[in-house]
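# Close look at the chain arrangement
Residues per chain are reported as follows:
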Amino acid sequence: RCPAASPQALEDHYSPSRWSPRLDRDTIIDAHLAVMAAGTERARASGQTLLHVPYGDGDGEKLDIYFPTEPSETFPALVYIHGGYWQCMSKDDSGFAAPPLVSQGVAVVAVGYDIAPKGHMDTMVLQVRRSLAFLVEQYPRIRGIYLCGHSAGAHLAAMVLSTDWTEFPVVPDIKGAVLVSGLYDLEPILHTYVNDALNMSREVAQRNSPMSLVPPAAPAACEVLVAVAQHDSPEFRRQSQEYSQALRAAGWSVSLLDLAGVDHFDVIERLSEDSYVLTQVGRRAVPGQ
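These lines cover the structure that appears in this document, whether it is placed above or below. Source: prediction; values computed, not measured. (Residues numbered from 1 in each chain as written. Predicted model: local features only at pLDDT ≥ 70, side-chain atom pairs only at ≥ 80, totals over all residues. Heavy atoms only, no water.)

## A look at the overall build of the chain
Quick reminder of the rule: Helix and strand assignments follow DSSP, with helices taken as H or I runs no shorter than four residues and strands as E runs no shorter than two, numbered in order from the N terminus. As defined in this context, the radius of gyration uses C-alpha atoms, and a globule is described by 2.2 Å times the residue total to the power 0.38. Each residue is placed in one exposure class: buried if its accessible area under a 1.4 Å probe, protein chains only, is under 20% of its type's maximum, exposed if it is over 50%, and partly exposed if it falls in between. Here, two residues are considered to be in contact whenever any of their heavy atoms come within 4.5 Å of each other.
The helix and strand tally for the chain stands at 10 helices and 8 strands. Here the C-alpha atoms of the chain give a radius of gyration of 18 Å, agreeing with the 19 Å that 2.2 N^0.38 yields for 289 residues. Principal-axis analysis of the C-alpha atoms places the extent of the chain at approximately 55 × 40 × 35 Å. Per-residue burial over the chain gives 55% buried out of 289 residues. Nonlocal contacts in the chain, meaning residues at least 24 apart in sequence, comprise 75% of its contacts between residues at least 6 apart.

## Details of helix α4 (residues 121–138)
Under the convention used in this document: A helix is expected to reach a length of 1.5 Å times the quantity of its residues less one.
With 18 residues, α4 extends 26 Å between its outermost C-alpha atoms, agreeing within 8% with the 26 Å of an ideal straight helix rising 1.5 Å per residue. Inspection of α4 places M121, M124, V125, Q127, V128, R129, S131, L132, A133, F134 and L135 among the buried residues, and these make up the whole buried set.

## A short note on the pattern of salt bridges
What counts is decided by this rule: Whenever Lys or Arg places a side-chain nitrogen within 4 Å of a carboxyl oxygen from Asp or Glu, that contact is recorded as a salt bridge.
Within this structure, the stated rule accounts for 15 salt bridges. Put simply, R22 and D266 hold a salt bridge, and the shortest N to O gap is 3.5 Å. Of the two residues, R22 sits in the loop between α1 (7–13) and α2 (25–46) while D266 sits in helix α9 (residues 266–269), which places them 244 residues apart along the sequence. By relative accessible area, R22 is classed as partly exposed at 40%. A single salt-bridge network, built from bridges that share partners, covers R44, D64, K91 and D92.

## Concerning the packing of α4 against helix α5 (residues 152–161)
What counts, and what does not: A fitted line through C-alpha atoms serves as each axis, taken over the contacting stretch for helices, and the angle formed by two N-to-C directions is quoted from 0 to 180°. Note that the term roughly parallel is reserved for angles under 35 degrees, roughly antiparallel for angles over 145, roughly perpendicular for angles of 65 to 115, and oblique for everything else. By convention the crossing between two helices is left-handed if the near helix lies anticlockwise of the far one by an angle smaller than a right angle, and right-handed if it lies clockwise.
Running from amino to carboxyl end, α4 crosses α5 at an angle of 65°, the nearest separation of the two axes being 10 Å. If you check the angle between α4 and α5, you find them roughly perpendicular. Here the hand of the crossing between α4 and α5 comes out right-handed. Along the contact surface, α4 presents M121, M124, V125, V128, R129 and L132, while α5 presents H155, L156, M159 and V160.

Take a look at the structure:
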C-alpha cells in the first residue's frame, strides 16, 4: 500500500516535521508545543473552565471543559482530541481552540487519555469512547457533539465513528467530525520509529485502523470533514484521501478539504484564529450561525 520503498523512506513519510517549509525539523515541534501551550493558557485565563474532570479512574482519564461565555439552555460541544503520535502532548495543551468557539455559544472539551508507553492503543481508543459517554451522562445541557482531532487525535476520532454504542450506557449525538491531518491505517507505522513506544502487533494495528472499520452510514449519520495540509507528507495526504473515499463508499456525508499554505502543525494551531477556515467550520456547530 505504501509507495515508500525503503525503511528510511517510510520513516521520512511518517515524520511530519520533515515536510514543513517553515522551520527545520529540530525546531518545528518545540515551536508547535509552545504555540499550543500559550493558546491554552490564554483560553484558561479568559473563560469559565472546569479542569481535570475525571471520566474514569486512570491517571490520564480527565477532561478540561471550556464553557460558553453566555451559555443558552442547551449548547453544542466541540470535543478536541490531541495529537502527538499517541505518545506525547496532553489535554493541558489542548484548549487553544476554545476562545473563538466559546464566544459563539459552543463548549469546548479537551480529552485526556493515557499516552504510550503507559497507554496501549486499545486502551486509548476505549478511553476516548468512554469520555464521550461520560459527557453525555454528566452534562445533559450539551446537545450535539462535534468531534475534532489532530494527527493521532484524528485517528482516535475516526475510531469513535466506528463505535458500536450498544456496548455503552448511552449513545452520544455526534453531529459532525473534523479530522485534521490524521492517520487511518496503522499498519505502515509498524515499521517506523513511531511504533517503538506503542509496541503494536499487526493484530492491534489492524483492529485499530479506521480505514478497515468504516460502518455503513446510519440514516442520521454525522457529517465528516477530512482535512489535510498542503505540506503534510505524501503518506498523510494519501491516507486522508483514501479514508474519505472509504467513508463516501459506505454512504457517509464526507468532504475532503486540502488546505493550502499550511503544514502538519499550523494546520491545527490556526484554530485559535477567528478567520481560519477550520474555525468557521467549527462555528457551524452553533444553531443559527
